[in-house]
Amino acid sequence: MDSEQTVPGDALTPIINSGSLSQAAYGVDDEVIISAIKVNKYFGDKHVLKDVDFEVRKREVVALIGPSGSGKSTLIRCLNGLEKHTSGEIYIHGQRLDPRFSVKQLSPIRRELGMVFQNFNLFPHMTVLQNVIEAPLLVRKMPKDQAVALGEKLLAKVGLEEKRDVYPNKLSGGQKQRVAIARALAMQPRARDLAYEGSTMVVVTHEMQFARDVSDRVVFISDGVIVEQGDPEEIFKQPRHERTKLFLERVLSTLP
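Residues numbered from 1 in each chain as written. Predicted model: local features only at pLDDT ≥ 70, side-chain atom pairs only at ≥ 80, totals over all residues. Heavy atoms only, no water.

## Section: the overall build of the protein
Counting its regular elements, the protein contains nine helices and ten strands. Here the protein, with 256 residues, has 50% of them falling under the buried criterion. Within the protein, contacts between residues separated by at least 24 positions form 70% of all contacts whose residues are at least 6 apart in sequence. Summed over its atoms, the accessible surface of the protein is roughly 11,700 Å², and 50% of this surface lies on carbon and sulfur atoms. (Helix = DSSP H or I, 4+ residues; strand = E, 2+ residues; numbered from the N terminus. Buried < 20%, exposed > 50% of the residue type's maximum accessible area, 1.4 Å probe, protein only. Contact = heavy atoms within 4.5 Å. Areas by Shrake-Rupley, 256 points an atom, 1.4 Å probe, with all protein chains shown as cover.)

This is the structure we're talking about:
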């Protein structure tokens with residue numbers, strides 16, 4: 001399974017600097033938030049993840065790119081326990097994620113690592129702002145004026161404040177993804193605090209413009225292996241590996 005996803009949450013909260021979308025202005029810390037060590041995943045005889053080593057540091061924004069079926073979303077699902085990795089070790093904030101954990105044991109981790117899927121599940125009959133504030137109003141029972149203020153702040157963070165009254169069918173794929181991130185953030189109890197200190201984000205996306213604009217680091221995955229990773233400008237302009245180059249040649253023709 002490799003439906004493209006974005007994974008935000010308390011430890012992986014995608015709050016984007018309202019100026020540049022990159023988190024570089026906040027500075028990446030040395031603290032490792034996520035660590036995957038020699039992670040393997042099999043589906044029957046199919047070897048989907050192959051000795052994957054992967055780290056994300058505090059305040060770092062990482063974009064995972066690669067062809068469909070490359071293992072990007074399987075890696076993300078393993079990181080929050082939606083899939084049980086076959087071997088290797090995964091740590092979230094230093095806590096080892098044991099594949100034998102029960103649903104009850106996984107619940108605290110999953111509450112921190114919310115999922116936003118590629119189809120984004122935006123309500124087509126609601127505006128962008130209404131999509132963002134629906135859950136805080138219904139689930140958190142937030143007063144409407146507070147929910148609107150939070151929604152507007154989060155839309156500004158993802159660079160979509162001018163789209164607040166637009167309906168989803170008028171948005172591009174990357175814009176829909178940003179709305180979905182803002183909506184997920186609206187349910188995070190520490191979102192407003194984190195908005196001032198920078199945060200950590202892992203994004204799996206086919207939207208190359210989004211990946212180039214938002215990330216501190218781009219990770220290219222192919223056939224279950226991390227082929228290369230690095231600064232987005234270097235990856236997009238001068239990829240070192242032939243597989244990365246061929247992939248980008250296919251997808252970059254739509255970029256300005």
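## Focus on the confidence of the model for the protein
The predicted model of the protein has a mean per-residue pLDDT of 79, with 78% of residues at 70 or higher. Per-element averaging of pLDDT across the protein places helix α6 (residues 191–194) at the bottom with 41 and strand β10 (residues 225–230) at the top with 96. Long-range and interchain partners of residues 1–26, a stretch whose pLDDT sits below 50, account for 121 contacts in this model, where long-range means more than four residues apart. (pLDDT = per-residue confidence, 0-100.)

## Examining the environment of serine 35
Mapping serine 35 onto the fold places it in strand β2 (residues 32–43). A relative accessible area of 10% means that serine 35 is categorised as buried. Sequence spacing of serine 35 and aspartate 53 is 18 residues, and the spatial spacing of their C-alpha atoms is 7.6 Å. Once you skip the residues sitting within four places of it in the chain, serine 35 turns out to touch Phe54, Glu55, Glu89, Ile90 and Tyr91.

## Side note on the pattern of salt bridges
Under the definition given, this model contains twelve salt bridges. A salt bridge links lysine 41 to glutamate 83, with the nearest nitrogen and oxygen atoms 3.9 Å apart. Taken together, the positions of lysine 41 in strand β2 and glutamate 83 in the loop between α1 (72–79) and β5 (87–92) put the pair 42 residues apart, joining distant regions of the chain. Taking the relative accessible area as the measure of exposure, lysine 41 reaches 8% and is therefore buried. Lysine 237 is the salt-bridge partner of glutamate 233, the closest N and O atoms lying 3.2 Å from each other. Highlighted residues: glutamate 233 and lysine 237, both in helix α8 (residues 232–237), separated by four residues, approximately one helical turn. (Salt bridge = Lys/Arg side-chain N within 4 Å of Asp/Glu carboxyl O.)

## Comments concerning the packing of helix α3 (residues 128–138) against helix α5 (residues 173–185)
Closest axis-to-axis distance for the α3/α5 pair is 8 Å, and the angle between their directions is 30 degrees. Looking at the two axes, α3 sits roughly parallel to α5. As for how α3 packs across α5, the hand of that crossing is right-handed. On the side of α3, the interface is formed by Val128, Asn131 and Val132, while α5 contributes Val179, Ala182 and Arg183. Counted by class, the contact of α3 with α5 contains four nonpolar, one polar and one charged residues. (Axes fitted to C-alpha atoms, helices over the stretch in contact; angles between N-to-C directions. Parallel < 35°, antiparallel > 145°, perpendicular 65-115°, else oblique. Left-handed = near helix turned anticlockwise from the far one by under 90°. Nonpolar A, V, L, I, M, F, W, Y, C, P; charged D, E, K, R; others polar.)

## Some words on unusual backbone geometry
Phi at aspartate 51 takes a positive value of approximately 50 degrees, unusual for a residue other than glycine. Assignment of secondary structure puts aspartate 51 in strand β3 (residues 46–57). On the basis of relative accessible area, aspartate 51 is assigned to the partly exposed category, the value being 45%. Its identity as a non-glycine residue notwithstanding, aspartate 223 has a phi of 55 degrees, on the positive side.

## Examining the environment of arginine 164
Along the chain, arginine 164 turns up in the loop between α4 (144–157) and α5. Residue arginine 164 is classed as partly exposed on the basis of its relative accessible area, which comes to 25%. Considered as a pair, arginine 164 and valine 132 are 32 residues apart in the sequence and their alpha carbons are 9.3 Å apart. Sequence-distant contacts of arginine 164, that is, excluding residues within four places in its chain, are made with Thr127, Val128, Leu129, Val148, Glu152 and Leu155.

## Describing the packing of aromatic side chains
As enumerated under the stated definition, the model contains one aromatic pair in all. With 5.2 Å between their ring centres and 35 degrees between their planes, phenylalanine 220 and phenylalanine 247 make a pair best called tilted. Separated by 27 residues along the polypeptide, phenylalanine 220 in strand β9 (residues 217–222) and phenylalanine 247 in helix α9 (residues 242–251) bring together distant segments of the chain. Taking relative accessible area as the criterion, phenylalanine 220 reaches 1% and is therefore assigned buried. Using a relative accessible area of 5% as the deciding quantity, one classes phenylalanine 247 as buried. The ring of phenylalanine 43 is capped by lysine 41, whose NZ or CZ atom sits 4.8 Å from the centre of that ring. (Phe/Tyr/Trp six-rings, centres within 6.5 Å; stacked < 30°, edge-to-face > 60°. Lys NZ or Arg CZ within 6 Å of the ring centre and 35° of its normal.)

## A short note on the packing of α3 against α4
α4 packs onto α3 with a crossing angle of 130 degrees between their chain directions and a minimal axis gap of 9 Å. In terms of axis orientation, α3 runs oblique to α4. Considering only the axes of α3 and α4, their crossing is right-handed. Residues Val128, Leu129, Val132, Ile133, Pro136 and Leu137 of α3 touch α4, and the partners they reach there are Lys144, Ala147, Val148, Gly151, Glu152 and Leu155.

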